[in-house]
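Observations on the three-dimensional arrangement
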Amino acid sequence: MYFGIGGGKTSCSTGQLPSKELFQSNKLWQVPALKDGDFILTESSAILIYLSSKYQTADHWYPSDLWARARVHEYLGWHADSIRGVFGVPLWTKVLAPLIGVHVPEEKVERNRTTMARMLQQLEDKFLEDRAFLTGQQVSLADLMALEELLQPVAVGYDLFEGRPRLAAWRERVEAFLGSDLFQETHGPILNILEQMVNKQIPKPPPEVHLFMLLRISNIP
Amino acid sequence: MGLELYLDLLSQPCRAVYIFAKKNRIPFELRPVDLLKGQHLSDAFAQVNPLKKVPALKDGNFTLAESVAILLYLTRKYKVPDHWYPQDVQACALVDEYLAWQHTALRRSCLRALWHKVMFPIFLGEPVSPEMLEATLAELDVTVQLLEDRFLQNKTFLTGPHISLADLVAITELMHPVGAGCQVFEGRPRLAAWRQRVEAAVGEDLFREAHEVILKAKDSPPADPTIKQKLMPLVLAMIQ
Ligand SMILES: N[C@@H](CCC(=O)N[C@@H](CS)C(=O)NCC(=O)O)C(=O)O
Ligand SMILES: N[C@@H](CCC(=O)N[C@@H](CS)C(=O)NCC(=O)O)C(=O)O
């Protein structure tokens, strides 16, 4: 018996394992995300922490209290393993893969759906519990990071909040805190993405990006 | 009850926590959790970490999961030397950047290398196809190169002139493929020299002690069928 990722094949629909060339193309994809003078920083969680510290934002975002801050880091660590990646997949299967003519097998789409459900359950049980926000009674970087990811599948038509009243109420609290204008401004483009696709408004990716995209698609478990 | 750390030194983030606590003379009770026996799945352990993963920390009534969170908690609570996680905002951000990057990059590659090359065939008795193994090792090679080119560059340590949490998390990760018999430092003189510096900064004895288990992973006896059945779904989920 052979074992692949998730007991199946690693291949994307082309039936091939990702080649070394594919992995290397990944390197080209490192975009700097923050530039402050000569200082360049990537990774969204690192950037949020940097901004919180440098501009001394309200304490609740990144609490100075030992235990409260540890909760934020605990969430960020779990998020990196369990949320990032997983909740980005629907955007790939529904929008980005079709854009370059790749069809992601239904089996993978289904597996992703199951994984998302499992992670939402953990998010509710382990992090939200009966708190107002993920790491305590006040909104923190954890809530921002989480909501950003969760809205990606929502944008392509998965109603993650259906049947999850606690999580839906949490979403409303975070959005209310951010204020609807800021919320629309940042999420307008992503929430419109299906519409843009139907109207063929998304530009076709240039060929040099295809390799990277194939790699990402073939990595979908 | 004082500080308790729930660890299995087979796990790379556990090794980072272990070395950090020992090196900084942080007093703790070691609570061993044997992953290959499925001890992390017990109800008792779920009280400490409902996510059922190691490492986990208990400090009085406070429990904490996730290696990075644990390392930062110890850093703040015990006032360890500044170089581990600098006060300077930019120096600190570079450590955070590395700690965020590794979760999905080096962690994934090193874990897969160990499981595909050693743990599947030897411990679980499930051979891995040559194509799969080749893809895993190719991915590892690229990720390690990325570590060297993007993070180490020509610096002494990954984020600057002194050892930080980033180096500790990276070296314990790289010892996974080393335990699997991969020559990750071969043909990479810069990375090999860095490894020597990290080992020297940590102390050779402590470094060796923390890695004894992983360096013997190849000699693991095969799992008995009940354990195998219990662990298989988790292993598959873990290396997805
Ligand atoms: N992001 C977590 C990862 C923890 C983790 O995956 N631990 C592994 C050992 S390296 C584990 O306990 N696996 C057991 C399982 O998944 O069932 C951390 O950095 O602490
Ligand atoms: N047939 C050898 C293969 C060893 C091998 O391919 N090692 C790989 C990684 S596990 C390697 O060292 N690659 C070079 C590198 O990573 O730089 C064995 O089974 O030990």
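Computed from a prediction, not measured in an experiment: that's the story for all the values here.

**Points about the UniProt feature "domain: GST N-terminal" (unreviewed entry) in chain B**
Sites flagged by UniProt as "domain: GST N-terminal" (unreviewed entry) map to residues 1-82 of chain B. Overall, residues 1-82 of chain B shows 35% helix and 21% strand. The separation of its end C-alpha atoms is 28 Å.

**Considering the interface of chain A and chain B**
Taken together, the contact pairs 49 residues of chain A with 45 residues of chain B. Interface of chain A and chain B: buried area, both sides summed, is about 4,100 Å²; carbon and sulfur atoms make up 65% of it. At the junction of chain A with chain B, the criterion picks out 0 salt bridges. Our enumeration of links across chain A and chain B arrives at 11 residue pairs in polar contact (both at pLDDT 80 or more). Where the side of chain A that touches chain B is concerned, the elements lending two or more residues are helix 1 (20-25), strand 2 (39-41), helix 2 (44-54), helix 3 (66-82) and helix 5 (106-128) of chain A. Ranked by the residues each element gives to the side of chain A that touches chain B, the list is headed by helix 3 of chain A, at 11 residues. Grouping the amino acids of the side of chain A that touches chain B by side-chain chemistry returns 21 nonpolar, 14 polar and 14 charged.

**Some words on the packing of helix 3 of chain A against helix 6 (residues 141-155) of chain A**
Angle between the axes and distance between the axes: these two values describe a pair of packed helices. All names here are of chain A. The interhelical angle for the contact between helix 3 and helix 6, taken along N-to-C directions, is 20°, at an axis separation of 9 Å. In terms of orientation, helix 3 and helix 6 fall into the roughly parallel class. Between helix 3 and helix 6 the crossing geometry is left-handed. Facing helix 3, whose interface residues are Val72, Tyr75, Leu76 and His79, helix 6 presents Leu141, Ala142, Met145, Ala146 and Glu149. Grouping the constituent residues of the contact of helix 3 with helix 6 by class yields 7 nonpolar, 1 polar and 1 charged.

**Here we look at the site of ligand 2**
Residues and elements named next belong to chain B. Every residue near ligand 2 is listed here: Lys117, Leu137, Asp141, Cys182, Gln183 and Arg188. Contact distances for ligand 2 include 3.4 Å between an oxygen atom and a side-chain N or O atom of Lys117. Between ligand 2 and Gln183, the relevant distance is 2.8 Å, taken from an oxygen atom to a main-chain nitrogen or oxygen of the residue. Burial of ligand 2 by the surrounding chains reaches 54%, relative to a free accessible area of 500 Å². In the shell around ligand 2, the residues fall into 2 nonpolar, 1 polar and 3 charged.

**Quick notes on the packing of helix 7 (residues 165-179) of chain B against helix 8 (residues 189-202) of chain B**
All names here are of chain B. One can describe the packing of helix 7 onto helix 8 by two numbers: an axis separation of 11 Å at closest approach and a directional angle of 115°. The angle between helix 7 and helix 8 falls in the class roughly perpendicular. Every pair of crossing elements has a handedness; the one defined by helix 7 and helix 8 is left-handed. Contacts from Asp167, Leu168, Ala170, Ile171, Leu174 and Met175 in helix 7 reach Leu191, Trp194, Arg195, Val198 and Val202 in helix 8. The residue inventory of the contact of helix 7 with helix 8, partitioned by class, reads 9 nonpolar, no polar and 2 charged.

**A closer look at the nonpolar core**
Generally speaking, soluble globular proteins have nonpolar side chains that are buried together. Ranked by size, the top nonpolar core spans 150 residues in total, and within it A:Tyr75, A:Leu150, A:Trp170, B:Tyr98, B:Trp115 and B:Trp194 carry the most contacts. Here this core gets 11 residues from one element, more than from any other, and that element is helix 5 (residues 106-124) of chain B. Beyond its immediate sequence surroundings of up to four residues, B:Trp115 is in contact with B:Leu36, B:Phe120, B:Pro121, B:Phe123, B:Leu124, B:Val235, B:Met238 and B:Ile239. Of all hydrophobic cores here, the second largest spans 7 residues; its members include A:Leu34, A:Phe39, A:Leu41 and A:Ala46.

**Let's talk about helix 5 of chain A**
Taking 1.5 Å of rise per residue, the 23 residues of helix 5 of chain A would be expected to cover 33 Å, and the 31 Å separating its terminal C-alpha atoms lies within 8% of that figure. Positive backbone phi, at 45°, marks A:Glu129, one or two positions downstream of helix 5 of chain A.

**Section: the sheet that holds strand 3 (residues 56-59) of chain B**
Residue and element names in this part refer to chain B. The 4 strands lie next to each other as 2-1-3-4, forming an open sheet whose pairing is mixed. Because the sheet does not close on itself, it has two edges, and the strands there are strand 2 (29-32) and strand 4 (62-65). Averaged over all pairs of adjacent strands, the angle between strand axes in this sheet comes to 20°, irrespective of strand direction. Both strand 1 (residues 3-7) and strand 3 contribute to a ladder of 4 bridges, which runs antiparallel. Paired with Glu4 across the strands is Lys58, a residue of strand 3. Running at roughly 130° to strand 4, helix 3 (residues 67-77) makes contact with strand 1, strand 3 and strand 4 of the sheet.

**A closer look at the site of ligand 1**
Around ligand 1, 15 residues are found, and the nearest of them are A:Asp81, B:Lys53, B:Val54, B:Glu66 and B:Ser67. Chains contributing residues to the immediate surroundings of ligand 1 are chains A and B. For ligand 1, an oxygen atom lies 3.1 Å from a polar atom in the side chain of B:His40. In the model, a nitrogen atom of ligand 1 is placed 2.8 Å from a nitrogen or oxygen of the B:Val54 main chain. Look at ligand 1: alone it shows 500 Å² of surface, and the protein chains cover 93% of it. When contributions to the shell around ligand 1 are tallied by element, the ones reaching two or more residues are helix 1 (12-23) and helix 10 (225-239) of chain B. The two domains that each donate at least three residues to the shell around ligand 1 are domain 1 (3-83) and domain 2 (84-239) of chain B.

Criteria and thresholds
- Residues numbered from 1 in each chain as written.
- Chains lettered and ligands numbered in written order.
- Predicted model: local features only at pLDDT ≥ 70, side-chain atom pairs only at ≥ 80, totals over all residues.
- Heavy atoms only, no water.
- UniProt positions renumbered as here; feature names shortened; annotations may be inferred.
- Helix = DSSP H or I, 4+ residues; strand = E, 2+ residues; numbered from the N terminus.
- Contact = heavy atoms within 4.5 Å.
- Buried area = accessible area lost by both parts, 1.4 Å probe.
- Salt bridge = Lys/Arg side-chain N within 4 Å of Asp/Glu carboxyl O.
- Polar contact = N/O pair within 3.5 Å; in protein donor to acceptor, adjacent residues only side chain to side chain.
- Nonpolar A, V, L, I, M, F, W, Y, C, P; charged D, E, K, R; others polar.
- Axes fitted to C-alpha atoms, helices over the stretch in contact; angles between N-to-C directions.
- Parallel < 35°, antiparallel > 145°, perpendicular 65-115°, else oblique.
- Left-handed = near helix turned anticlockwise from the far one by under 90°.
- Near = heavy atom within 4 Å.
- Areas by Shrake-Rupley, 256 points an atom, 1.4 Å probe, with all protein chains shown as cover.
- Core = buried A, V, L, I, M, F, W, Y, C linked by side-chain atoms within 4.5 Å.
- Buried < 20%, exposed > 50% of the residue type's maximum accessible area, 1.4 Å probe, protein only.
- Expected span 1.5 Å × (residues − 1).
- Pairing = 2+ DSSP bridges.
- Domains from an automatic or database assignment.

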